[in-house]
Amino acid sequence: APPGGGRNEMPQRFTSKFNLICLPETPRQILAKIFISIVGEFFKTGFTEQVQHYADDVVNATIDVYHMITEELKPTPAKFHYLFNLRDVSKVFQGVLMTKPVSVQTGESLSRLWMHECCRVFHDRLINNEDKNWFTHLLVDS
């Protein structure tokens, strides 16, 4: 099976009819700055100091997981849906931002919430036990 997920090149004659816009991948530092500002400000609204302290760690770990999963789990014809993008990262943070301060009062509860959201967004898409085990080890190591 080809590693590109069965995606074929489009002929030049076909693509000449369209405008093609190529955007470079957003640097890691920019992603971190954007999401740290969002998560950091959210955690200042009634969360404990311990939870506020972990805002940077949650953002950096999520970006690390995103980069690792996009590098390691490429789409193939059998796994054509293994296409991950920044929308998935924002879904993790969207789930974290839906919590209430009363629910997350310690670093451990924040860690469990983060792991749950990562599993909801990324793990639920994986189709075989090998990929699921790899992802579980990735989360534990993060």
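What you see is a predicted model, and the numbers here were worked out from it, not measured in a lab.

Cut-offs used in this document
- Residues numbered from 1 in each chain as written.
- Predicted model: local features only at pLDDT ≥ 70, side-chain atom pairs only at ≥ 80, totals over all residues.
- Heavy atoms only, no water.
- Patch = residues over 30% accessible without salt bridge, like charges linked within 9 Å, V, L, I, M, F, W, Y side chains within 5 Å.
- Areas by Shrake-Rupley, 256 points an atom, 1.4 Å probe, with all protein chains shown as cover.
- Salt bridge = Lys/Arg side-chain N within 4 Å of Asp/Glu carboxyl O.
- Helix = DSSP H or I, 4+ residues; strand = E, 2+ residues; numbered from the N terminus.
- Buried < 20%, exposed > 50% of the residue type's maximum accessible area, 1.4 Å probe, protein only.
- Core = buried A, V, L, I, M, F, W, Y, C linked by side-chain atoms within 4.5 Å.
- Contact = heavy atoms within 4.5 Å.
- Axes fitted to C-alpha atoms, helices over the stretch in contact; angles between N-to-C directions.
- Parallel < 35°, antiparallel > 145°, perpendicular 65-115°, else oblique.
- Left-handed = near helix turned anticlockwise from the far one by under 90°.
- Nonpolar A, V, L, I, M, F, W, Y, C, P; charged D, E, K, R; others polar.

Peer 1: When you look at a nonpolar patch on the surface in this model, what are you seeing that I'm missing?
Peer 2: Together, Met10, Phe14 and Phe18 make up an exposed nonpolar region whose accessible area comes to about 350 Å². Within the element layout of this structure, Met10 appears in the segment before helix H1 (12–15). Note on Met10: relative accessible area 53%, which makes it exposed.

Peer 1: What is the right way to read the nonpolar core from this model?
Peer 2: Judged by nonpolar contacts, the single largest core of 34 residues is most densely connected at Phe43, Trp114, Phe122 and Phe135. When contributions to this core are tallied by element, the ones reaching two or more residues are helix H2 (28–43), helix H4 (55–72), helix H5 (86–96), helix H6 (107–121) and helix H7 (129–141). Ranked by the residues each element gives to this core, the list is headed by H4, at eight residues. In this structure Phe43 touches Val51, Gln52, Ala55, Val96 and Leu110, once residues within four positions along its chain are discounted.

Peer 1: How should I be thinking about the side chain of Glu117 in this particular structure?
Peer 2: Structurally, the position occupied by Glu117 is in helix H6. Glu117 sits in the buried class, given a relative accessible area of 6%. Setting aside its immediate chain neighbours within four residues, Glu117 contacts Lys91, Val92, Gly95 and Val96.

Peer 1: Is there a simple way to explain the packing of H5 against H6 in this structure?
Peer 2: Packing of H5 against H6 brings their axes to within 9 Å, and their N-to-C directions diverge by 140°. Considering the angle they form, H5 stands oblique to H6. For the element pair H5 and H6, the recorded crossing hand is right-handed. Between H5, through Asp88, Lys91, Val92, Gly95 and Val96, and H6, the contact on the second element is made entirely by Leu113, Trp114, Glu117, Cys118, Arg120 and Val121. Here the residues of the contact of H5 with H6 sort into six nonpolar, one polar and four charged.

Peer 1: What should I look at first to understand the pattern of salt bridges in this one?
Peer 2: Pairing between side chains of opposite charge can happen when their charged atoms approach one another. With the rule as written, the count across this model stands at six salt bridges. For the salt bridge of Lys44 with Glu41, the shortest nitrogen-to-oxygen distance reads 3.3 Å. Exposure remark for Glu41: the relative accessible area of 49% places this residue in the partly exposed category. With its nearest N and O atoms 2.7 Å apart, the salt bridge here joins Arg120 to Glu117. Residue Arg120 and its partner Glu117 are located together in helix H6, separated by three residues, close to a single helical turn.

Peer 1: Can you help me understand the environment of Val65 in this one?
Peer 2: With respect to the helices, strands and loops of the structure, Val65 is situated in helix H4. Take Val65: its relative accessible area is 0%, and that puts it in the buried class. Sequence separation between Val65 and Leu139 is 74 residues, and the spatial gap between their C-alpha atoms is 7.3 Å.

Peer 1: Please explain the side chain of Asp131 as it appears in this structure.
Peer 2: Residue position: Asp131 is located in helix H7. Excluding residues that lie within four positions of it along the chain, Asp131 makes contacts with Leu73, Lys79, Tyr82 and Leu126.

Limitation: the analysis is restricted to geometry and does not speak to function.
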